[in-house]
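# Structural characterization, general
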Amino acid sequence: MGFYGYYRAADREAALVRPEASRVIDEPHGVAGFDAVETKEIDPWGTLNKLVALIGDVDLSTELVGMVALYPPPEGAPQSEEEWDALSEDSPYLDGPGIQGLSVNVRDLLADVDDARLPALTERWAEIEEFSHFTSADMEYLLSVAKNLVRLSRRAKEHDQLLYCWMCP
């Protein structure tokens, strides 16, 4: 189960401050100054993408998130099997953390969703395969995550910022 911190930042440089540290400021090693939503199991390429697809009323297999890898820097990634084998055990290329920039489309779809739709959207979201192990008690968690991501997206849009995802597998 991975931990994912969705946050907003003024630009890529700001988004990459202390990339090894959580974006949630109430954690012991969190980075102060980020407006973040911490989630468990809400990865950007799977479960978040499906929520955004539901909001956009498109097929769940449609890739809407559109991510850009920021950390570890893609230009420094190992290019061969030998380079991968030579990485130290604590290399972020092996175990993270990682930071992805999310598309403006994701921010805007989340920001513009009508609050009245969120309960029904969350019920449909809870039915995806990735949540098959969830119980009815987990519905409250999913609704809370959806609401928090919508609010975060609205603040990002209001301040002309993008969303980012800090991931720790």
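Notes on the structure follow. On a predicted model such as this, the values are computed, not experimentally measured, just so you know.

### Digging into helix 2 (residues 44-56)
Helix length check: helix 2 (13 residues) gives 16 Å between terminal C-alpha atoms against 18 Å at 1.5 Å per residue, more than 12% under. Where helix 2 bends most, the angle comes to about 30°, and this point is Lys50. Of all 13 residues in helix 2, eleven are buried; the element is thus mostly enclosed. All buried positions along helix 2 are accounted for by Pro44, Gly46, Thr47, Leu48, Asn49, Lys50, Leu51, Val52, Ala53, Leu54 and Ile55. Buried residues along helix 2 sit against strand 1 (3-9), helix 5 (104-112), helix 6 (118-125), helix 7 (138-158) and strand 5 (162-168). Once helix 2 ends, the next one or two residues include Asp57, with phi positive near 55°.

### Let's talk about the sheet that holds strand 5
What the five strands build is an open sheet, ordered 2-1-5-4-3; its pairing is antiparallel. Every interior strand has two partners, whereas the edge strands, strand 2 (35-40) and strand 3 (68-71), have only one. Within the sheet, the average angular offset between the axes of one strand and its neighbour, ignoring direction, is 25°. Summarising the sheet, strand 4 (residues 98-101) and strand 5 pair through four bridges and their orientation is antiparallel. What sits directly across from Gly98, in strand 5, is Met167. Across the face of the sheet, helix 7 comes into contact with strand 1, strand 2 and strand 5 while running at roughly 155° to strand 2.

### Points about the packing of aromatic side chains
Aromatic rings in a pair are described by how distant their centres are and how their planes are angled relative to each other. Summed over the entire model, instances satisfying the criterion amount to five aromatic pairs. Measuring from ring centre to ring centre gives 6.2 Å for Tyr4 and Trp45, while their planes differ by 80°; the resulting arrangement is edge-to-face. Pair noted here: Tyr4 is in strand 1 and Trp45 is in helix 2, with a separation of 41 residues, a long-range link. Feature note: the residues Tyr7, Phe34 and Tyr164 constitute an aromatic cluster, connected by ring pairs.

### Details of a negative patch on the surface
Taken together, the side chains of Glu81, Glu82, Glu83 and Asp85 define an acidic patch exposed on the protein surface. Note on placement: Glu83 falls in helix 3 (residues 81-85).

### Remarks on unusual backbone geometry
The peptide bond linking Tyr71 to Pro72 adopts the cis configuration, its omega dihedral lying at -5°. Mapped onto the secondary structure, Pro72 falls in the loop between strand 3 and helix 3. Cis geometry is adopted by the peptide bond preceding Pro97, which originates at Gly96 and carries an omega value of 5°. With respect to the secondary-structure elements, Pro97 resides in the loop between helix 4 (92-95) and strand 4. Located in the positive-phi region is Arg18, a residue other than glycine, with phi close to 45°. Take Arg18: it is sitting in the loop between helix 1 (12-15) and strand 2. With relative accessibility at 41%, the residue Arg18 sits in the partly exposed group. If you check the backbone angles, Asp57 has positive phi at about 55° while not being a glycine.

Conventions adopted
Residues numbered from 1 in each chain as written. Predicted model: local features only at pLDDT ≥ 70, side-chain atom pairs only at ≥ 80, totals over all residues. Heavy atoms only, no water. Helix = DSSP H or I, 4+ residues; strand = E, 2+ residues; numbered from the N terminus. Expected span 1.5 Å × (residues − 1). Bend = angle between axes of the 7 residues up to and from the residue. Buried < 20%, exposed > 50% of the residue type's maximum accessible area, 1.4 Å probe, protein only. Contact = heavy atoms within 4.5 Å. Pairing = 2+ DSSP bridges. Axes fitted to C-alpha atoms, helices over the stretch in contact; angles between N-to-C directions. Phe/Tyr/Trp six-rings, centres within 6.5 Å; stacked < 30°, edge-to-face > 60°. Patch = residues over 30% accessible without salt bridge, like charges linked within 9 Å, V, L, I, M, F, W, Y side chains within 5 Å. Areas by Shrake-Rupley, 256 points an atom, 1.4 Å probe, with all protein chains shown as cover. Salt bridge = Lys/Arg side-chain N within 4 Å of Asp/Glu carboxyl O. Lys, Arg positive; Asp, Glu negative; His and termini not counted. Charge placed at Lys NZ, Arg CZ, Asp CG, Glu CD.

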